[in-house]
Amino acid sequence: MEQQAACNGPLHLITVCVDSDAGSRMSGRIYHRFSNQPIPFLGAEGVLFSIEKLMDEWDYPQSTLKMRSFAGVSPHQRRQPGMARKAINDPLAYTGQDATFVVHVKYRQNATWQGTVTWADKNKQQNFRSALELIKLMDSAMDESLPPEQEQTAEQGAALING
């Protein structure tokens, strides 16, 4: 018997579970409908590379630009399109220890992403116009959810970096 996930909302939702935000370097897991296996990530770049790889494998949303590479080939090998895959998981069932974000990339235009991100812990939703804006929205949510003693440590760390 095949396991079938309840598919509430778009098929290509991605849940980013942040389990740690030590020193402004988040880490955690990424879930999507087409696998039960979490994708671990470290740092904002880990989130971006992992989601980009998934979208390339799904060929959804289709990119309007072909990414350049020094190797001369696409950095990600494509698999079968995501629309032909069967949903076997509900990514909305997972939560992070520090924060949970549900990302819906609707477009990949101008070499970046556009879509919506929902901060599931506070049920707040924002549109983003670029991958950088997505990370900044997630980072601002993480800053807002810090306990006062951690917030002071983060401010001290920023002061050290900025001189």
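Keep in mind that this is a model prediction, so the values were computed, not measured. (Residues numbered from 1 in each chain as written. Predicted model: local features only at pLDDT ≥ 70, side-chain atom pairs only at ≥ 80, totals over all residues. Heavy atoms only, no water.)

Novice: Would you explain the packing of aromatic side chains in this entry?
Specialist: Given two aromatic rings, one states the distance between the centres and the angle between the planes to describe the pair. According to the stated counting rule, one finds 2 aromatic pairs in the structure shown. The interplanar angle of 0° and the centroid separation of 3.6 Å between the aromatic rings of Tyr31 and Tyr94 together place this pair among those described as stacked. In this pair, Tyr31 is assigned in strand β2 (residues 25-32) and Tyr94 in the loop between α1 (43-58) and β4 (99-107), connecting sequence segments 63 residues apart. For Tyr31, a relative accessible area of 6% puts it in the buried group. (Phe/Tyr/Trp six-rings, centres within 6.5 Å; stacked < 30°, edge-to-face > 60°. Helix = DSSP H or I, 4+ residues; strand = E, 2+ residues; numbered from the N terminus. Buried < 20%, exposed > 50% of the residue type's maximum accessible area, 1.4 Å probe, protein only.)

Novice: Quick question: what am I supposed to make of the nonpolar core here?
Specialist: Soluble globular proteins tend to bury their nonpolar side chains together. If you look at the biggest cluster of nonpolar residues, it comprises 26 residues, and the most contacted ones within it are Val16, Val18, Ile51, Phe101 and Trp113. Counting only elements with at least two residues in this core, the list comes to β1 (14-22), β2, α1, β4, β5 (114-119) and α2 (131-144). It is α2 that provides the largest number of residues to this core, a total of 6 residues. In contact with Ile51, not counting residues within four places along its chain, are Ile14, Val16, Ile30 and Trp113. (Core = buried A, V, L, I, M, F, W, Y, C linked by side-chain atoms within 4.5 Å. Contact = heavy atoms within 4.5 Å.)

Novice: Explain the environment of Thr95 here, please?
Specialist: Looking at where Thr95 falls in the secondary structure, it is placed in the loop between α1 and β4. Relative accessible area serves as the criterion here: at 53%, Thr95 is assigned to the exposed category. As for Thr95 and Asp19, which are separated by 76 residues in sequence, their C-alpha atoms are 8.7 Å apart. Thr95 has contacts with Cys17, Arg29 and Thr100, leaving out every residue within four places of it along the chain.

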